[in-house]
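What the coordinates show
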Amino acid sequence: VSRTETSCILSYSTVRMFLVDNNAVSGIGFQRRKSKTFRNNALIPREVLYESRGAPDYGNFSHQEFPTSIRVLEILKKILKTVEPGDLELIDLFRNKGGADPLIVACALAKIEETEQGLFTPEWVIVTNDKAVVNLASEFSVPTMSVDEFAELIDSSEDNSPTND
């Protein structure tokens, strides 16, 4: 009796999930915010949503909120310890600048931590054009994508047709 062995190849593509900064929410425009890619794969940290509240279609994406959990705040505390006193590049509260910037990195780290135990873990990417956010994300090995790259990804996606709801 001969035995035939078959091999099974497990193939999957990594799902990319996006944490979107305010400059990306406004930068991709109304039509891309209606795309399935944006609606299904993008989350917006609570503080970023607050910054985006003036968008005419705010109600269409406000449900994509990434809530600020206790774990996010714990990670945020660790992140803020790495910022040098007097460094106003990332946060300048007197000029109302950067309130959500370290938070978006904390959200990414919390999501990476939360999902890394799964069999198929998504890649969490921060979408921003803010150089300070890109630099901070890099310090913590969090991938980033520019707003233009995100717009191109949405445009080239098979699922970029606007939704009707």
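Residues numbered from 1 in each chain as written. Predicted model: local features only at pLDDT ≥ 70, side-chain atom pairs only at ≥ 80, totals over all residues. Heavy atoms only, no water.

**So, the overall build of the protein**
On a plain count of helices and strands, the protein comes out with 9 helices and 5 strands. When the 165 residues of the protein are sorted by exposure, 37% land in the buried category. Counting only contacts in the protein whose residues sit at least 6 apart along the sequence, the fraction spanning at least 24 positions is 63%. Of the accessible surface of the protein, which amounts to about 10100 Å², a share of 49% is contributed by carbon and sulfur atoms. (Helix = DSSP H or I, 4+ residues; strand = E, 2+ residues; numbered from the N terminus. Buried < 20%, exposed > 50% of the residue type's maximum accessible area, 1.4 Å probe, protein only. Contact = heavy atoms within 4.5 Å. Areas by Shrake-Rupley, 256 points an atom, 1.4 Å probe, with all protein chains shown as cover.)

**Side note on the side chain of Ser52**
Looking at the element boundaries, Ser52 is found in the loop between α4 (46-51) and α5 (58-61). Residue Ser52 is classed as buried on the basis of its relative accessible area of 5%. Of note is the side chain of Ser52, whose polar atom sits 2.6 Å from the side chain of Asn22. Dropping the residues within four chain positions of it, Ser52 is found in contact with Asn22, Val25, Tyr58 and Phe61. (Polar contact = N/O pair within 3.5 Å; in protein donor to acceptor, adjacent residues only side chain to side chain.)

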